[in-house]
Structure formats: structure tokens, C-alpha cells
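The residues making up each chain are set out below.
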Amino acid sequence: MKGENQIFYTISGEGNGDADSEESWDDDRIVSFNRRRYVPAKKQKQKLNIGMAEKGQNAYGLNVYQPHWKRNPETNPYPMPKKLKASTIRISGSPVVSMSQAPKGRTAFKGPKAQVKDQGAFREKGNRKKKGNGFHSLILLILVLMLAFTAGIGTGWFLWGNDRQAAVNLGAIQIPQWVKQELIRKNIYSRPAVSLRQVNDIVIHYVANPGSSAEQNRNYFDRLADQGEKGTSASAHFIIGLDGEIIQCIPIHEIAYASNNRNSDTIAIECCHPDETGKFTEATYESLVKLTAWLCDETGISRKDIIRHYDITEKNCPKYFVDHEEAWKTFRNDVKAYKGDWESR
């Protein structure tokens, strides 16, 4: 209340001055609105010169207002009209304040215990709100994790396809009669006898030796076993000759030295060609389509899982399929559409 412009309200009865009204307002109080606690006028009189019955202004610079039936014209030069109801008081330089804004009694002012109780209820409500937010956050986190997991599965299905079958026992596959088996000797240069546990692609090669036959290329791979310490490593699972004959050099459940870093999960097919262009004869091409389709079906991979040596190392192999992209697409389509006399998987 120090230095503040205070507004005091006098609460009267009906304003008729009767005895009942006078008895009802014996504890007449001055109410102060300064965000401080309610202080009865009787206690203020003990500290400050309120001047309820004295001449002049009170301690706050305002004229003293009392119920009109208590006022003395000699001590208070501005008595209120007898029948005027003190509902609104306007102080010079101050706005009009209605008594409806004034507190109605002691219940309007809550003591320390009530304030502590209110604060406890507020904290309890906040804690419940926090607990609710935590539960919602947990549900949201679970939904996000499920969405991420589903997205990962869907991405894997899209990238690697959904038509790969379970792993096939490659050693149990029976080689058809139209394939001639002439396995080369086991050695560190062309047949290391390392197990091939899974097939992911079929790789197409060309022998890069125009006019040579399938038998000649098979014998070359076999002679690599007779090399010295620093020899050449090369081989393939199958070789297709100029007349369409097919020779198997290495079992399909063993790796061959043909496709560099993809030797561990691919089957290699070498093709003979009559000239430098690398284009296969019609018989060689037909045998290649048939053998490739059969291998895809027997090993459980898709007929789309066919690649060139070029697709692994960018080597110009097979030359004709690298130089003529349309011929390569045609070959893949022919393999996909081929209908053999064996049971498809």
C-alpha cells in the first residue's frame, strides 16, 4: 500500500438509517484492492491514522466515507445524501468502480491453508497430465517403430524380390542328359573344391578365343592344374560350343574362378564364338537360353537373376552383349519366356 493509489469502498445497508441496518454494519470495513491480503479497518486504525471520525483526509489522502447515519457534518464536510445507496464511488482522477467488483465477504479471500490446498490440487492435476502425456508418447513411439519395421521389410522385398525360394541343396540337383559332364581335376588354379552354398545369379561369359571349341576350352582349364607356383586361375561351370554342345567342367555345388568377387554366389557359363565380334552362333544361343532357364529353375532363383561379367567388373565380356544392349535385353526376355520340358519351380 506504500505510494499506491488506493480505492476504498464503504459498504452500507439499504441506506435508510434504520436500527437494523445500523446493527448489521457495526463491523463496517474498508476494502483495499492492491493484490494484498484483506485487512479489516479496525486493524488499520491501530497502525495508521485512518481518521474515521476525524477532520480532514485520512492517511491515504482520501476523504473519509462512513455510513451516512454515522457521519457528523462538523467533522465530515461531505456527508452523503441520506437515501443515496453507496453502490458506486467515483474519486477524482479515478475510473468508476462498481461494487460488484468488490469482494462479497471473507469467503472471497482464501487463507494460507486454502492456498496450499489449491496448489496441491494444481500439482496433482499437472502430474496426471504429465502421466497422460507419457502414455501417449509411448504409444506414438511404438507406432513409429512398427512403421519403420514395416518400411524396412517392404524395402527389402522391393530390392531383392519376393520370388526367391528357400535355399536349395545344390549337390542333390540331377544334371540333365543333354549336358555332357567332363569334370576337370581338383587343383588350386581352376577347381579349388570349395563349396558353393547359395546361388544368387547366373553369369554369362564369352571365351575370347574366336573359333575355339567347348572341348578345347575345357582342356585348357584342366591343364591349369599343371602350372608352377605363379600360375593363372580360370574356369567355369559350363562351356557351350559352336554347335550348341554343353560341357560341365565343375559341379554346380562348387565355386569356379570366373566372376571375380562374385565367385562365391554365382554359376558361370562360358560361350564359344566364331569371330572377333563375339556374336554367338544360333546353336550356341539356343543352348545358352535353355541352360540358363534350367539353372534358374533348379537353383530356385528368378529368371531375372541373370547378369553379364561386365555387370560385375565392367570387363568387355561377353563382348557382343556389352556392345549391343538390345541383344542383351532380348536374351533376358527369351530366357524368361522359355518353356522347358522339366518341372518349373
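Chemist: Would you mind going over the side chain of Thr284 in detail, with residue names and values included?
Modeler: Here Thr284 shows up in helix 5 (residues 282–299). Judged by relative accessible area, which is 0%, Thr284 ranks as buried. A polar contact is formed between the side chain of Thr284 and the backbone oxygen of Leu242, at a distance of 3.5 Å.

Chemist: Provide a residue-level description of the pattern of salt bridges, including the pertinent values.
Modeler: Inspection of the entire model under this criterion finds 11 salt bridges. Taking the shortest distance from any N to any O, the salt bridge between Glu254 and Arg191 comes out at 2.9 Å. Note that Glu254 is positioned in the loop between strand 8 (246–248) and strand 9 (266–271) and Arg191 in the loop between strand 5 (180–181) and strand 6 (201–206), a separation of 63 residues in sequence. For the pair Glu254 and Arg191, one class covers both residues: buried.

Chemist: Let's hear about helix 4 (residues 214–223): which residues, and what values?
Modeler: Of the residues making up helix 4, those classed as buried are Ala214, Asn217, Arg218, Phe221 and Asp222. One face of helix 4 carries all of its buried residues, which in axial projection span an arc of 145 degrees. Here the buried face of helix 4 lies against strand 7 (238–240), strand 8 and strand 9.

Rules behind the numbers
Residues numbered from 1 in each chain as written. Predicted model: local features only at pLDDT ≥ 70, side-chain atom pairs only at ≥ 80, totals over all residues. Heavy atoms only, no water. Helix = DSSP H or I, 4+ residues; strand = E, 2+ residues; numbered from the N terminus. Buried < 20%, exposed > 50% of the residue type's maximum accessible area, 1.4 Å probe, protein only. Polar contact = N/O pair within 3.5 Å; in protein donor to acceptor, adjacent residues only side chain to side chain. Salt bridge = Lys/Arg side-chain N within 4 Å of Asp/Glu carboxyl O. Arc of directions from axis to C-beta. Contact = heavy atoms within 4.5 Å.

Note that every value here comes from positions in space, so none of it alone points to a role or purpose.
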